[in-house]
Amino acid sequence: MREATPNTEKTVNLTIDGIPASVPAGTSILEAARGVGVVIPTLCDREDLPKRAVCRLCVVECDGGGRLKAACATEVWEGVAVATATPELRRVRKSIVEMLLADHPRDCFVCPRNLNCELQRLAFELGAREFPSYGKELPPAPAVEAGTIARDPAKCVKCARCVAVCREGQKTGALSASFRSASFQVGPPYGDALQDGACVFCGRCASVCPVGAITASDRTDALEAALDRTDAVPSAVFADEVLSGVEASRALPPGSLTPLKLSTFLKLRGFRKVYPRALFSAAAAIFKAETLVKRLKDGSALPFISFCSESSRRFLEIHFPDLLFLVGPSGDPGRLFSLSAKKLLPDGEKILAASFSPSLSKKRDALKDEGGPLDFALSVGELTNLVARSGADLGKLAESPYDPFPLSAPSGAEKDPILLEAAGAIRLLDARGESGRILEEGGKLGERVPLEAAIGGRKTNMLLVFGLGAAHDLFTEFRGKPLPWSYLRVVNCPGGCVEGGGQDPTLVGKRLARGRNVLKTPDPRLAIPPLPHEAAAWDLFRAFKERGGVFSS
Amino acid sequence: MTKTPDAEAGFCRPSEERVLEILDSYGNDPQQLIAALLDIQEASGRNYVDRRAAELASARLKVPLTQVYEILTFYSMFATEPRGRCVIELCESAPCHFQEAERVLSWFENALDVKCGETDADGVFTLSRTSCVGACDGGPAARVGDEVFVNLTRDKVARLVKSLREDDPASREGL
Amino acid sequence: MSREKRLITRGLGEARPESVSDYEKLGGFAALKKALELPPEEIIAEIKKAKLLGRGGAAYPAGNKWEHLLRIPERPKYVVCNADEGEPGTFKDKLILDKLPLRLVEGMAVAGAVFRAAGGYIYVRGEYRAIQKRFQKALGSAREANYLGRNILGSGFDFDIEIVSGAGAYVCGENSALLNSTEGRVGRPRIKPPHLAEVGLFQKPTLVNNVETFASVPLVLEMGGRAYLELGHPESGGTKLVCLSGHVKRPGVYEIPLGSLTLRELIFDSDFGDGVPGGGAFKFGHLGGQSGPIFSQEKLDAVYSYADLRKAGLSVGSGAVVVMDSSVSVLAYLKKVAAFFVHESCGKCVPCREGNRAVLKRLSDLEIPSALSRSDLEDLANIAAAMSRASFCGLGQSAATHLKTAWKAFPAEFERNLRENAAFGAGAR
């Protein structure tokens, strides 16, 4: 994974379009230009991916002649005079984007990335005009894979970011960049379905795709139909991490959309109940604590490896099968909500359970769970669709409280302090995974976040790992050696759940480059909470078990 | 490409043992993947690399299947579907083309009773096109496996086809 | 008396390709002996004096390349020979590989000695599989005679050569793509910098040169750099293997001193091409392979050297000279070339992947009356410019050369069917 490694020892002086710049040695021309306000267009470049320099949009002229150089992949050198916008360069860029548009589908109006598409933006910014067809072969029709990832190969601009993020970023390796020339294509080998290969449906591919070729599947229509039903009780929970995505697409000031305003909206829109997800996160943590404490007692099967989704087991199946026996429940609060609501609430059988989160893999989990309790595992896209279609001005809504989750009278069973200690630590770590990576000392973003916890008076080490690539590195490092943690939490996405596969793609990856939480700066609602609703969570935990409920995942 | 009956049979040509033997002969070295795949293709008898063989190579050499597939689709000499026992590739690059390669193509099509791009029903011949094979001074040229044939006349084409059909390399000497 | 100068090709047809003794009788391996004794700087100085330009097509001064690699401290170093020869119209490397293999072996061994390289690789295109197998015999003989292997001629230097096969990809003629392919991966080119001299095969410092370049090195050392230079042209010494094909009576490989002949002489002289067969008339020629320039009879008097051809707006490229007579439509020819690039583009960068197919489509359109307007033609010119200037690698950068040069040489072909030129009320022509 490429993080900027400028050599802060040595400074290089150069000019960009005549503007003097002074940057650390090792800085790319692209970065140096950005620093003085010159934005060179790019398409294949992403700060969170290795540079590939294949779109060629960022080519610049150095010292008045010679070969054009890709600004993203060329480091500055002393005294160079870079020209970024000569008449020739402007013509070249326009040609390139017109070539991309030549056989690109013209159905922007119904494309999930309409108004949020890098190709649209480039077409506009570079003044693209003529783009006749050059006779492309008919590409495969769009399809939704496993109900989770929607692929539309006709829209692919062949930047191969998806292959790079899957292979080098996530180290999962589900995609090939196969064939040559106009037949160059990305996808699973042999035209296999994604689910038959190494794909874990993390959705990083959807996050990095600049256009609508890979997107999270969209069930907004089905959701609206469900909300219209008079015989059902649509009920929702949502993760706070979706708020930023809604803010971004509805042009609301960051931080202005509070959870309780969103709760108001959901009620207005037709959800009969909106419950606090935090209750279920806490209760889920208690369930996971059960597994952990049991394993600690046995001394067996440690660490308890918990992925953020069940689909991620595939990652170990393919790459580290000898560690599979260590995997335990992922503990999705959305799923616990659906199970417990339907089991414990009086009108349980009428409940349509919906969970909004920035996760894509949880969609897959819900669908794999055929006939399972979670009716709608939804991502940010569907939530923003709901908002957009309703026309609500969220900024003007008043806040309304969550609905209480009424349980029958508590069983009176004593709280188990050891279980709750373990749950608190688990919840702390899981919450960190949800809210994302932060800067450590020395300015690095932490990929591995350790936590030292005390459970039943004994110290134990836990670890949170951000991203499957980092997990791959960890497991490789420890191959053949014991993993020295009792609880190991892996979240699929390197930025944390807040930058998950189900988040608005334009919000993903920015924080890594600038080393701070761009999504919500500063956003108190993502401060790591202690185990909230401890009493209610405990009651839920007990009640669910007493009614024969099984929450193994 | 016309599919021949045993393409559907899921047959691993060559046998798994032979594939593993070939991989072993290259020390199971991932760097030698291309050479190994070329040998596996030759050993298949039908000039292709079966998916099962690709999976074996992937597992043995510890190269992800996604990357083996990239190699099989990137390089023109590989096929992932069975072809004929003999693949006759006629050069279609400009120097050969403008020395009446099209006429030579029609001679082959008649002699083999297949259209360009197809395999005959017996699975003996596939007729296709290829980029320059470096025989431009004797164009139009045709490549069959390791051999390249130049200065083709209608008569030569007929003799070549006969020799290939009968699998008689000696009769091709000096052709 | 033929003005061919058979130096690299001396012994062709008489010396047995794999025979070390036959090759030694021609003076073979004398250069290697020198290289094992003399300091590397001296060897490189001769090559620089000789002004030996890379014979693969890029024409980069070999002496400079070797000198740059010598200065790099990192080890191990590798010597790689580019024997991918995919450029249509080019078949000279095939000749050397098949009939003069020991010349190549010696040239690479000299390079190995200069850099004390860890090993040598010859990347041979897959279509030359039979030749690859025969080449092994030459390697075997060289080993037996201790010109390869351990402790070569008692010098303490170990060096051996391995053959690596391509599998059908013209783009693997691009040096960084070639190295990726050698490493067992798809042959798509690498981002440069870092250059191959710094990060090459297995990420180590590497020398990559063409077959003919390596085969020329022993000659340079035998004659001395100055004599080699004088043999050829002031800016590029020595001889070049020229490949004549297409509509000429005597196609084949001819070794000529650089700067000694004009294109006209090459194509029409009875010692060389001997003119167009069947009473046909010369219409145009294509130099350096499909990635090179097209020229009409106006340029027939250009002298065949790197500098002279460049001055004439042409280039040597690989050394291919393809001749086409008046039976060939320029547009039909260009379409074939465009189709070649469409097939061979690796696909990773936009200008080459999309540009080549746009060019092919437009060339077809140009054959149809009133299919295109002048502004379409302007777009085509812009696409060609974007390809030349912005493509990721040399393939894309040169994939529009045929179009641009033919456009200059035969503008009428591009104009006659434009909508603006159509006879009113009827199709053009």
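Residues numbered from 1 in each chain as written. Chains lettered and ligands numbered in written order. Predicted model: local features only at pLDDT ≥ 70, side-chain atom pairs only at ≥ 80, totals over all residues. Heavy atoms only, no water.

For chain A, the count of helices and strands is 17 helices and 18 strands. Its C-alpha atoms give chain A a radius of gyration of 25 Å, within 12% of the compact-globule value 24 Å for 553 residues. For the C-alpha atoms alone, the extent of chain A along its principal axes is close to 80 × 55 × 50 Å. Across the 553 residues that make up chain A, the buried fraction comes to 58%. A fraction of 70% describes how many contacts in chain A between residues 6 or more apart in sequence connect residues 24 or more apart. Entry remark: accessible area of chain A is about 22,200 Å², with carbon and sulfur atoms responsible for 54%. Taking the average location of the 71 positive side-chain charges in chain A and that of its 65 negative ones, the two points are 1 Å from each other. (Helix = DSSP H or I, 4+ residues; strand = E, 2+ residues; numbered from the N terminus. Rg over C-alpha atoms; globule rule 2.2 N^0.38 Å. Buried < 20%, exposed > 50% of the residue type's maximum accessible area, 1.4 Å probe, protein only. Contact = heavy atoms within 4.5 Å. Areas by Shrake-Rupley, 256 points an atom, 1.4 Å probe, with all protein chains shown as cover. Lys, Arg positive; Asp, Glu negative; His and termini not counted. Charge placed at Lys NZ, Arg CZ, Asp CG, Glu CD.)

This brings us to the packing of aromatic side chains. Aromatic ring pairs are reported here in terms of the distance separating the ring centres and the angle at which the planes meet. All names here are of chain C. Evaluated as defined, the whole model comprises 34 aromatic pairs over all chains. Ring centres of Phe268 and Phe282 lie 6.2 Å apart, and the angle between their planes is 65 degrees; this geometry places the pair in the edge-to-face category. Here Phe268 is found in helix H11 (residues 263-268), whereas its partner Phe282 is found in strand S7 (residues 282-287), with 14 residues between them in sequence. The partly exposed category is assigned to Phe268, whose relative accessible area is 32%. A relative accessible area of 9% means that Phe282 is categorised as buried. Seen from their ring centres, Phe340 and Phe341 are 5.4 Å apart, and the 70 degrees between their planes marks the pair as edge-to-face. (Phe/Tyr/Trp six-rings, centres within 6.5 Å; stacked < 30°, edge-to-face > 60°.)

Another aspect to go through is the interface of chain C and chain B. Accessible area lost upon the coming together of the parts serves often as the stated size of an interface. Of the residues lining the interface, 49 residues belong to chain C; the matching set on chain B comes to 32 residues. Surface buried jointly by chain C and chain B totals about 3,100 Å² across both partners, of which 57% is contributed by carbon and sulfur atoms. Interface area lost by chain C to chain B is led by Arg129(C), Ala167(C) and Lys336(C), which between them contribute 21%. Taken together, chain C and chain B are joined by three salt bridges. Note that Arg129(C) and Glu42(B) form a salt bridge whose closest N and O atoms lie 3.6 Å from each other. Applying the counting criterion to the chain C and chain B interface returns 14 residue pairs in polar contact (both at pLDDT 80 or more). Broken down by secondary-structure element, the contributors of at least two residues to the side of chain C that touches chain B are helix H7 (129-144), strand S3 (161-165), helix H8 (175-182), strand S5 (239-246), strand S9 (320-325) and helix H13 (330-344) of chain C. At six residues, the largest contribution of residues to the side of chain C that touches chain B is made by H13(C). A class-by-class count of the residues in the side of chain C that touches chain B yields 20 nonpolar, 17 polar and twelve charged. (Buried area = accessible area lost by both parts, 1.4 Å probe. Salt bridge = Lys/Arg side-chain N within 4 Å of Asp/Glu carboxyl O. Polar contact = N/O pair within 3.5 Å; in protein donor to acceptor, adjacent residues only side chain to side chain. Nonpolar A, V, L, I, M, F, W, Y, C, P; charged D, E, K, R; others polar.)

Another point: the packing of helix H2 (residues 16-25) of chain B against helix H4 (residues 51-61) of chain B. All names here are of chain B. Interaxial distance between H2 and H4 falls to 10 Å at its minimum, and their mutual angle equals 40 degrees. If you check the angle between H2 and H4, you find them oblique. The hand of the H2/H4 crossing is right-handed. Side by side, H2 and H4 meet where Glu16, Val19, Leu20, Leu23 and Asp24 of the first sit next to Arg52, Ala53, Leu56, Ala57, Arg60 and Leu61 of the second. (Axes fitted to C-alpha atoms, helices over the stretch in contact; angles between N-to-C directions. Parallel < 35°, antiparallel > 145°, perpendicular 65-115°, else oblique. Left-handed = near helix turned anticlockwise from the far one by under 90°.)

Taken together, the contact between chain A and chain C spans 35 residues of the former and 30 residues of the latter. Approximately 2,800 Å² of surface area, both sides summed, lies buried where chain A meets chain C, with 56% of it carried by carbon and sulfur atoms. It is Met99(A), Tyr134(A) and Arg180(A) in chain A that bury the most area against chain C; as a group they hold 29% of the surface buried on that side. If you look at where chain A meets chain C, you find three salt bridges. Among the salt bridges present, the one from Arg180(A) reaches Glu344(C), with a minimum N-O distance of 3.3 Å. Put simply, chain A and chain C have 17 residue pairs in polar contact (both at pLDDT 80 or more) between them. For the side of chain A that touches chain C, the elements supplying multiple residues, two or more each, are strand S3 (59-62), strand S4 (65-70), helix H2 (87-101) and strand S8 (176-178) of chain A.

Before going further, it helps to spend a moment on the domain arrangement of chain B. Each assigned domain of chain B is listed with its residue range as follows: domain 1 (3-74) and domain 2 (86-172). Using only C-alpha atoms to locate each centre, domain 1 of chain B and domain 2 of chain B end up separated by 26 Å. (Domains from an automatic or database assignment.)

Take the nonpolar core next. Side chains of a nonpolar character, in soluble globular proteins, are inclined to be buried together. The biggest cluster of nonpolar side chains holds 152 residues, and the ones touching the most others in it are Leu14(A), Leu37(B), Tyr75(B), Phe78(B), Tyr333(C) and Leu363(C). Per-element tally for this core: the top contributor is H13(C), with eight residues. Sequence-distant contacts of Leu14(A), defined by excluding residues within four places in its chain, comprise Ile19(A), Pro20(A), Ala21(A), Val23(A), Val76(A), Trp77(A), Gly79(A), Val80(A) and Val82(A). Membership of the second largest hydrophobic core comes to 68 residues, among which are Tyr23(C), Ile47(C), Ile96(C) and Leu139(C). (Core = buried A, V, L, I, M, F, W, Y, C linked by side-chain atoms within 4.5 Å.)

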